[in-house]
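# Coordinate analysis (summary)
The lines below spell out each chain.
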Amino acid sequence: MPERLHCYTDSEALAAALATEVAVGLRAAIAARGMAVLAVSGGKTPVRFFSRLAQEILDWSKLRVTLVDERWVAQDSDRSNARLVKSHLLQHAAAAAVFVPLHMDAPTPDLVMDNLRARLANLLTRFDVTVLGMGKDGHTASFFPAGDHLAAALDMQGSARVVSMRAPGADEPRVTFTLPVLQASRALYLHIEGEAKRLVWKTAQEDDSMLPIAALRRVAPQLEVFWCP
């Protein structure tokens, strides 16, 4: 698979370019189907991107936003990806978008997994644009190495759209959309920063790589990588 690596001088330049690219895709989806679905990732890396995307001129009322994965914490927690999205993306005009959270009020995700799957099936269709991140261990979404449900999450023949995940590299239980859902995205981006993550991405391109991000790369020819030092 040819590498599609877009390099930028710094985080600001990357965020601006990625926001422009994503906005184009969302406008096209709204024009074609009357609505658009955007799935984004949490962590510290996307904050600048969220702020830039929120400034784009879009018919935000026709946009549904969800998360690729979520930590199983309350939405007012500093660890919550939902809180991050609400604080940095769903601001000003972008607040008109419909946000679909992954967390539900239960001690563990497994107790409400059927309810969560039903809610997502009713509210979300194929993602128009998905923006992923990646950890230095090669995880993307919550596809953590040694995760208890990693095999199910990566099963391209599986029917589940979302699974729970516990792993040594995750501080809390998680919920994550599965590989078939991500692979079906009309547009798919990987947003990474720093030399260490570029080297992880390079390793993921090896034919025998066992990194979770490599599993995505093998089945998603539309994947575009946006990187800066």
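Reference entry: report on the structure contained in this document. (Residues numbered from 1 in each chain as written. Predicted model: local features only at pLDDT ≥ 70, side-chain atom pairs only at ≥ 80, totals over all residues. Heavy atoms only, no water.)

Taken in spatial order, the 3 strands of this open sheet run S4-S8-S7, and their pairing is antiparallel. Edge positions in the sheet fall to strand S4 (69-71) and strand S7 (162-165), since each has one partner strand and no second. Strand-to-strand, the axes of this sheet are offset by a mean angle of 20 degrees, without reference to chain direction. Both S7 and strand S8 (residues 174-177) contribute to a ladder of 4 bridges, which runs antiparallel. Each bridged residue has a counterpart across the sheet, and for Met-165 the counterpart in S8 is Arg-174. Across the face of the sheet, helix H4 (residues 113-123) comes into contact with S7 and S8 while running at roughly 145 degrees to S7. (Pairing = 2+ DSSP bridges. Helix = DSSP H or I, 4+ residues; strand = E, 2+ residues; numbered from the N terminus. Axes fitted to C-alpha atoms, helices over the stretch in contact; angles between N-to-C directions. Contact = heavy atoms within 4.5 Å.)

The next point concerns the environment of Ala-36. As for its position among the elements, Ala-36 is in strand S2 (residues 36-40). The spacing of Ala-36 and Met-210 is 174 residues in sequence and 33 Å in space, taken between C-alpha atoms. Apart from the residues within four sequence positions on either side, Ala-36 is in contact with Leu-26, Ala-29, Ile-30, Lys-62, Leu-63, Arg-64 and Asp-128.

Note: disulfide means a covalent bond formed between the sulfur atoms of two cysteine side chains. Counting across every chain of the model gives 0 disulfides. For Cys-7, which is in no disulfide, the shortest distance to another cysteine sulfur is to Cys-228 and amounts to 9.5 Å. A relative accessible area of 48% places Cys-7 in the partly exposed class. (Disulfide = S-S within 2.5 Å. Buried < 20%, exposed > 50% of the residue type's maximum accessible area, 1.4 Å probe, protein only.)

Side chains Arg-174 and Thr-176 project from S8 onto one buried face, and the interleaved Val-175 and Phe-177 project onto a second face that is buried too. Where S4 and S8 come together, 3 bridges link them in antiparallel fashion. Bridge assignment links Glu-70 to a residue of S8, and that residue is Val-175.

Moving on: the nonpolar core. Formed by 77 residues in total, the largest nonpolar core has its most connected members in Val-22, Leu-38, Val-65 and Leu-89. Residue contacts for Leu-38: discarding those within four places in its chain leaves Val-22, Leu-26, Leu-53, Leu-63, Arg-64, Val-65, Thr-66, Leu-89 and Val-129. (Core = buried A, V, L, I, M, F, W, Y, C linked by side-chain atoms within 4.5 Å.)

On to the sheet that holds strand S3 (residues 63-67). What the 7 strands build is an open sheet, ordered S1-S10-S9-S6-S2-S3-S5; its pairing is parallel. Unpaired on one side and paired on the other, strand S1 (5-7) and strand S5 (98-100) mark the two borders of the sheet. Across the sheet, the mean angle separating the axes of adjacent strands is 20 degrees when strand polarity is ignored. Taken together, the 5 bridges between S2 and S3 define a ladder with parallel strand orientation. In the sheet register, Val-40 faces S3, and the bridge partner there is Leu-67.

The next subject is the side chain of Arg-71. Structurally, the position occupied by Arg-71 is in strand S4. Arg-71 sits in the buried class, given a relative accessible area of 14%. There is a polar contact of 3.1 Å between the side chain of Arg-71 and the side chain of Asn-81. Sequence-distant contacts of Arg-71, that is, excluding residues within four places in its chain, are made with Arg-79, Asn-81, His-103, Glu-172, Pro-173 and Arg-174. (Polar contact = N/O pair within 3.5 Å; in protein donor to acceptor, adjacent residues only side chain to side chain.)

Nothing here speaks to function; it is all geometry.
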